[in-house]
Amino acid sequence: MIGIFDSGIGGLTTVRAILEIMPGYDLIYFGDTARTPYGTKSRSTVIRYAIENTEFLIKKGATMIVMACNTASSVATEAIKERFDMPIFEVISPAVALAIETSKRMQIGVIGTRGTIKSGIYEKKILEKADQARVFSTPCPLLVPLVEEGWVKKPETAMIVKKYLLPLKTRQIDTLILGCTHYPILKSIIQQKIGRRVAIIDSSIAVSNTIKTYLDDHPDIEKTLSKEGRAFFFVSDITTQFEKTAEIALKRKIDLTHVEM
Ligand code: DGL
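The structure contained in this document is the topic of the report that follows. (Residues numbered from 1 in each chain as written. Predicted model: local features only at pLDDT ≥ 70, side-chain atom pairs only at ≥ 80, totals over all residues. Heavy atoms only, no water.)

Before going further, it helps to spend a moment on the sheet that holds strand E8 (residues 199–202). Within a sheet, adjacent strands bond to each other through the backbone by hydrogen bonds, running parallel or antiparallel. Pairing in this open sheet of 4 strands is parallel, and the strands run E6-E5-E7-E8 from one edge to the other. The sheet is open, and its two edges are formed by strand E6 (134–139) and E8, each paired on a single side. Here the average twist between neighbouring strands, direction ignored, is 20°. Relative to strand E7 (residues 175–179), strand E5 (residues 107–112) is paired through 5 bridges, and the arrangement is parallel. Paired with Ile111 across the two strands is Leu178, which belongs to E7. Contacting E7 and E8, helix H10 (residues 203–217) crosses the sheet at an angle of about 60° to E8. (Pairing = 2+ DSSP bridges. Helix = DSSP H or I, 4+ residues; strand = E, 2+ residues; numbered from the N terminus. Axes fitted to C-alpha atoms, helices over the stretch in contact; angles between N-to-C directions. Contact = heavy atoms within 4.5 Å.)

Below, the structure is given as structure tokens:
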């Protein structure tokens, strides 16, 4: 089974992207809603949470792990890969590869939580692959709570998005990486505010393409994954607000099961 975890509900955007290109694969999702957000927490805390989340998914039958959370991917990938002997996917490298492939002028913008931007991981990975690139990063800490409040179409949200993107617009970026689980939900307003000519890279789509290619190249591993079209959704805390956000992220109603961590 493919195990996917996130700090909360936003990672369902990655579930949606995986199901779109790989329908039928059995999935198990864990959203750490009791301890969300990760974006404001220290590196060592996020690493500890990521290890516990992975252990939970493995106990439930996952044989492959997808870290849908950008913040966890930024700081905990090494620790998870060292500790668990199975295919591990993070969302940063696929988004970086796609951004480099897409960008014409190599002026790349990155938005994410404070934790992700502070880690400098996107910059580091972009420059490793394209040292001529110029990377401009901005944390957008208000966007996660706005999505979670369901304020996706409010004018206030549009104003805040505009304000956050202004420095990137001034730098005339040609490509923008959405380095956070929640931002695909705001994609149309982000596109509108940054301008139609800027290519938007959605890390949830990038990682699902990477997983598909990996499974095509590794039939021995692909064979071990069950494909009965089942999906299980676990969360460490449950509220009606989480249920509503889940519906927005996945574009359908789902049953969330509460587990104590
Ligand atoms: N899932 C987080 C991320 O992608 C956003 C929410 C949080 O801060 O926990 O970075």
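Don't stop here, the text continues.
Looking now at the packing of helix H2 (residues 43–59) against helix H3 (residues 70–83). One can describe the packing of H2 onto H3 by two numbers: an axis separation of 9 Å at closest approach and a directional angle of 55°. The orientation of H2 with respect to H3, classified from their angle, is oblique. As for the relative orientation of H2 and H3, their crossing is right-handed in sense. In contact with Arg43, Val46, Ile47, Ala50, Ile51 and Thr54 of H2, H3 contributes Thr71, Ala72, Val75, Ala76, Ala79, Ile80 and Arg83. (Parallel < 35°, antiparallel > 145°, perpendicular 65-115°, else oblique. Left-handed = near helix turned anticlockwise from the far one by under 90°.)

Every one of the 14 residues lining the ligand counts as a neighbour, but Asp6, Ser7, Tyr38, Gly39 and Thr71 are closest to it. One of the backbone nitrogen or oxygen atoms of Tyr38 is found 2.6 Å away from an oxygen atom of the ligand. When the ligand is considered free in solution it has 290 Å² of accessible area, and contact with the protein chains removes 98% of it. Within the shell around the ligand, the residues separate by chemical class into 5 nonpolar, 8 polar and 1 charged. (Near = heavy atom within 4 Å. Polar contact = N/O pair within 3.5 Å; in protein donor to acceptor, adjacent residues only side chain to side chain. Areas by Shrake-Rupley, 256 points an atom, 1.4 Å probe, with all protein chains shown as cover. Nonpolar A, V, L, I, M, F, W, Y, C, P; charged D, E, K, R; others polar.)

So, about the sheet that holds strand E9 (residues 231–235). The parallel open sheet is built from 6 strands, whose spatial order is E4-E3-E1-E2-E9-E10. Edge positions in the sheet fall to strand E4 (88–90) and strand E10 (257–258), since each has one partner strand and no second. As paired elements, E9 and E10 share 2 bridges and run parallel to each other. When the sheet's bridge partners are listed, Val235 is paired in E10 with His258. Sitting on the sheet, H2 touches strand E1 (2–6), strand E2 (27–31), strand E3 (64–67) and E9, and the angle it makes with E1 is about 150°.

Summed over the entire model, instances satisfying the criterion amount to 9 salt bridges. As a salt-bridge pair, Lys187 and Asp202 come within 3.4 Å of each other at their nearest N and O atoms. One end of the pair, Lys187, is in helix H9 (residues 187–194); the other, Asp202, is in strand E8, with 15 residues separating them in the sequence. With a closest N to O distance of 3.9 Å, Glu228 and Arg230 form a salt bridge. It is possible to trace a salt-bridge network through shared partners that takes in Asp26, Glu228 and Arg230. (Salt bridge = Lys/Arg side-chain N within 4 Å of Asp/Glu carboxyl O.)

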